[in-house]
Structure formats: C-alpha cells, structure tokens
2 protein chains.
Amino acid sequence: MKKILHIIAEAPLFNGLAEDQLNQVRQISVDKFYDKGKTVFLEGDDCNGFYIVADGKVKIYKVSFEGKEHILHIYGPGNPFGEVPVFSGRKFPASAQTLLKSHLLFFPRTAFVDLISNNPSLALNMLAVLSMRLRQFTVQIENLSLKEVPGRLASYLLYLTEEQGRPDSVTLNISKGQLASLLGTIPETLSRILGKMNKQHLIEAGGREIKILDFRGLEDLAEYGKLQ
Amino acid sequence: MKKILHIIAEAPLFNGLAEDQLNQVRQISVDKFYDKGKTVFLEGDDCNGFYIVADGKVKIYKVSFEGKEHILHIYGPGNPFGEVPVFSGRKFPASAQTLLKSHLLFFPRTAFVDLISNNPSLALNMLAVLSMRLRQFTVQIENLSLKEVPGRLASYLLYLTEEQGRPDSVTLNISKGQLASLLGTIPETLSRILGKMNKQHLIEAGGREIKILDFRGLEDLAEYGKLQ
DNA sequence: CCAATGCCTTGACTTAAGTCAAAAAAAAAT
DNA sequence: ATTTTTTTTTGACTTAAGTCAAGGCATTGG
C-alpha cells in the first residue's frame, strides 16, 4: 500500500494544491478496501460522496432491461469516479464494480463541498476534471453514432499506443469481452473484426499482446471507419 | 429583446446568486446576434469563452469524415453551451450553429474564471451544470449502445411529454430530419418507425403534432426497446 | 393559382452486426 | 497433470437499419 498522501498529491483532481490543503483533503478521505468483483455502488443508489482509485481497477457500467451490460469507463489509480451526483441530484447514474482487488479513497459529500467552497483552486480543478469527462463522452458518443465497430476499435488501439507510449505494440489490460462492452459491441463481433484486421496486416494479435503493423492504416480506419 | 439581467437571473447557472453578483455577471457578458443557420463555432476552434442562449435555438453537433452530421444537443433560452473548453484544453470538442435567429450572451474565459474564483456559490452552480450534462450524456450513451431506434424514439417522446407537461400529446420543435440526427439515425428510418408506431396505435402522428395513444406502451418500449 | 424548393415518405436492396450454438483455446483449480 | 471453468473463436442464420432512388406533400413566393 502506497502512501495515501502521495496518491492524493498525484491525482489530477488535487493538482497544484498547497501542502496544507492536501492535508485537509487527506483528513476527510476514508479508506475502503474491496475484493475483486465487488460492487461499489449500483445505479440509482443514493450518493453521499465520491471515490478515487488508490490501487486496483474499477468499471463503470450500465445494465439494460434484458441484463445486457455496457461498460462506460474503466478507471485505475489516480482516477476519481462517482463525482456527478455530488453536485447534481443524489443518485448514481451508473453502477461501479471492482475488476481487481482494490483500494479506494472515499470523500464524503458534505465535507468535500465545504472544502471546495473555501478553496477556489480546488473548485477549478474539479471543474477541469468534469470538463475533461464531458470531452471524453463527446468523443464516445461520436464514436458510437458515427463510426462502425472497426473504427471504434481502431480508435481504441490508437489511444492505447498513446497511453502506453509505444507506436508499434500495445497490451490489452482488460479481457476481450470487457473491451467489446466498452466499444459497445459483443465478443463475437470483436473477435471477427480482430481476425479481419489480422488478415489485412493492420495488426498482429496474439492474446492480449497486439502488434501494430500499419499505424497509418489504423488512423485511416479510425477516421473513415470502413474496413472491407 | 427581453431584459438581459432577467435572462441571466433565470439561467440555472446563476441560480441563487445575490443581486450584486448577478450584476458582476452582467458586466462581463457580451451580446452577440446571429441570423438563422449561422455558425457560432466549429469543432477544433480555439475557445476563449462560453455562451448562454438568451433567445433563439442552437444545435451542437459533430460531423463524421464522410460529412454525416450527428446532433448532440439542441439548446434554447437559458441554456449555456461551450463551457467545456473553458476549464479543460482550449478547443471546442464539437460545433455550434443557430437553428433560428438568435441572441447569445458571450462570457469571456478569463473574466469568468476570475469571477468563479471569488465566488464559491457560482463555482458550485457551474459544477452542478457540468454534472447534469454528464448525467445526460450517460443516458445518451446508454440509449445509443443499449437500445434500438424505436426505444430511443420512445424515450424522446416521453421526455417531450414531461417537458411540455402533457401526457397525451407533444409537439416536435425541430424538423424530423434533425430529430433523426439527434437520435443517431437517418430520416428514412425515423419515418418508418413512426409509421410502425402509428400502425400499432402507440401514437398518432400528424406532422409535428404527435398524439400519445398508449403512454404505458411507450414506456415499455423505452425500457425493453423492442417493437415487432 | 401554379411553379419551385425543401421536407418527408415509400420501396427495393445491401450490409453490419446481433443471436444462437458449438468447438477450441486458455486459465484456474484440484 | 488433468479436470473444471472461463474466455475466445468459428459458423450458420436473422435482423435492424443504412443506401439509393423515386415519388408525394406541403409551404413559400412569384
């Protein structure tokens, strides 16, 4: 377990705060520990605070009437989640579950709102975090409505190359089933598309290791969204 | 032209602010007038402020590589838009165009950030507005990925009954082509589905006036998302 | 009143992607 | 190592929704 103050200081949400402010943040945070596959909250639950991932991995998802699940986000260390109902309404708009044994920091609503009220730079950070989220959602909606699955997959692979800092190979850090859900499709379809991409020498997929053979081709696909 | 201070005071963003604070807000706002069909900003443009609709109607949209357009939102009087890049990045993540002759209030970035920094309740209002947006986006993503077009249309009609305060009839305030785009589909498909809904006596559509014949049936459709 | 433009609907066809079912492969447990 | 369980892939089939093309309807202006 890493030092909690360090985790807090590293989180974008608390970026640039002075030391005594970080200590105040630490004061109101509550440690929570979860095993793998545990529910943190369910859609519709009353919210009295939000979380930051200190260690582990959490998925945010929605479930359709027939029980089909769609993953909206997967968050790792440093990422906050569940902040929306802190400022609007009282209920979580989606559900959260751990994908790994996880250590979360919980920030109670009232204490946090007090902190923000007395701390303009924290308020601005929070605004920045929410704005970033909105930006990501805009992209996600664009992908879902304007692109077909191959295009969405290409975008995701390109995003991974960036995140992992290598342009020629990436490692999936979630199962293919989860990736399918994140892309708004099903495992069978994802599998078939990966197969096609292999055949066209865009990538070379071996399990969770994916070699990028044609970076430019993926970019085209992410733009155009057509794969023949 | 209505009194600008009145418009400002009515906007959710400035809800509950004291009178001198409202005056400060008024001080920094700049009036802008647009004819119908004019571009307010384009995706990727540098942002140095955001807007509130004083009068008229504005669509926020994205365009795919092939030129296909998807409407993300349509905003009317009192709604702010373009706030995202004020707090994150510098570029607009989508484009905005007027659907009617419109009067907009523009709030320059730096002046507004200053105002927020000295005004915790304004900061909290802004957080609430962004959170509400995120909530709506969550629903939109759920709709796009979990429901078929009939389900999305049913959701939209139910939303209209609520907004217009009548459970038995609604009026479309945008063209069917625009509605199709807002629902993430095309006019032909929308037309066919409206036809089917008529045939099944869920609704009775006559131009932009739509009678709701089977409210419960629409609710089922919005939940299940299947139309036979 | 009639042209003219833009908006909406209809029909025939295509296609991306979902469903169902089963096999294969990989991972976990004994 | 060998079961057991989970994940992934493959195949045959269905279906929702997109494309293309044509026709109808309605609103506006001459």
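By convention here, each chain's residues receive numbers from 1 onward along its written sequence. Labels follow written order: the first chain is A, the first ligand is 1, and so on. In keeping with the predicted nature of the model, local features appear solely for residues at pLDDT of at least 70, side-chain atom pairs appear and are counted solely at 80 or more, and the whole-chain, interface and lining totals rest on all residues. Here the side-chain values reflect all heavy atoms present in the structure, with hydrogen atoms and water set aside.

**Q** Would you take a moment to explain the sheet that holds strand β5 (residues 69-75) of chain B for this structure?
**A** Strands pair in a sheet through their backbones, by hydrogen bonds, and they do so in one of two ways: parallel or antiparallel. Residues and elements named next belong to chain B. By the convention used here, strands pair only if DSSP detects at least 2 bridges between them. Helix and strand definitions follow DSSP, with helices as H or I runs of at least four residues and strands as E runs of at least two, each counted in order from the N terminus. As summarised here, the arrangement of the 4 strands in space is β2-β7-β4-β5, forming an open sheet in which the pairing is antiparallel. Edge positions in the sheet fall to β2 (39-41) and β5, since each of these pairs with one other strand and no more. Ignoring which end each strand starts from, the neighbouring axes of this sheet average 30° apart. Angular values range over 0 to 180 degrees, each being the angle between N-to-C directions of two axes fitted as lines to C-alpha atoms, with helices fitted over their stretch in contact.

**Q** Is there a simple way to explain the relation of the copies chain A and chain B in this structure?
**A** Two chain copies here: they are related by a rotation about an axis and a translation along the same axis. Under the fitted operation, chain A is carried onto chain B by 0.0 Å of movement along the axis and a turn of 180°, and the coordinates agree to an RMSD of 0.0 Å. Put plainly, the chains are arranged around a two-fold axis. Contacts were defined at the residue level, with two residues in contact if any of their heavy atoms lie within 4.5 Å. Of the residues that chain A buries at the interface, 100% are likewise interface residues in chain B, meaning the two copies contact each other through the same surface. Copies overlap after least-squares fitting; the atoms used are the C-alpha atoms of residues with pLDDT of at least 70 in both.

**Q** Got a minute to help me understand the protein's contact with DNA strand C in this structure?
**A** Neighbouring DNA strand C are 15 residues; Glu-148, Val-149, Thr-185, Ile-186 and Thr-189 of chain A lie closest to it. In this text, near means that some heavy atom of the residue lies within 4 Å of the molecule or strand in question. Protein-proximal atoms of DNA strand C, defined as those within 4 Å of the protein, fall in sugar or phosphate at a share of 67%. Counting of polar contacts relies on pairs of N or O atoms within 3.5 Å, with two restrictions inside protein: one atom must be capable of donating a hydrogen and the other of accepting it, and residues adjacent in sequence are counted only when both atoms are side-chain atoms. Glu-188 of chain A has a polar side-chain atom sitting 3.3 Å from a base nitrogen of DNA strand C. One nitrogen or oxygen atom from the side chain of Ser-191 of chain B is found 3.2 Å from a sugar or linking oxygen belonging to DNA strand C. Sorting the residues of the surface near DNA strand C by element identifies α6 (149-164) and α8 (187-199) of chain A together with α7 (176-182) and α8 (187-199) of chain B as the ones contributing at least two each.

**Q** Please explain the pattern of salt bridges as it appears in this structure.
**A** Charged atoms that come close allow side chains of opposite charge to pair. Salt bridge criterion: a side-chain nitrogen from Lys or Arg within 4 Å of a carboxyl oxygen from Asp or Glu. Per the stated rule, a full pass over the model turns up 16 salt bridges over all chains. Here Arg-216 of chain A makes a salt bridge to Glu-219 of chain A, at a shortest N to O gap of 3.4 Å. Taken together, the residues span about one helical turn, with Arg-216 of chain A and Glu-219 of chain A both in helix α9 (residues 215-224) at a distance of 3 residues. Where Asp-46 of chain B meets Lys-91 of chain B, a salt bridge forms, and the shortest distance between an N and an O atom there is 3.7 Å. Of this pair, Asp-46 of chain B sits in the loop between β2 and β3 (49-55) while Lys-91 of chain B sits in the loop between α3 (84-87) and β7 (95-98), placing them 45 residues apart in sequence.

**Q** How should I be thinking about the interface of chain A and chain B in this particular structure?
**A** Many analyses report the size of an interface as the accessible area lost when the parts associate. Chain A puts 42 residues into the contact, and the matching count from chain B is 43 residues. Note on definitions: buried area is the accessible-area loss of two parts on being combined, 1.4 Å probe, summed for both. Interface of chain A and chain B: buried area, both sides summed, is about 4100 Å²; carbon and sulfur atoms make up 73% of it. When the buried area of chain A at its contact with chain B is split by residue, Leu-134, Arg-135 and Ile-141 of chain A rank highest and sum to 16% of it. Here Lys-62 of chain A and Glu-142 of chain B are joined by a salt bridge, their closest N and O atoms 2.9 Å apart. Mapped onto the side of chain A that touches chain B, the elements with two or more residues apiece are β4 (58-63), β5 (69-75), α3 (84-87), α4 (109-117), α5 (120-146) and α9 of chain A. By residue number, the principal contributor to the side of chain A that touches chain B is α5 of chain A, which donates 20 residues. Three residue categories are used. Nonpolar comprises Ala, Val, Leu, Ile, Met, Phe, Trp, Tyr, Cys and Pro, charged comprises Asp, Glu, Lys and Arg, and polar comprises the others, including Gly. Grouping the amino acids of the side of chain A that touches chain B by side-chain chemistry returns 23 nonpolar, 9 polar and 10 charged.

Worth remembering: the numbers are spatial, not functional.
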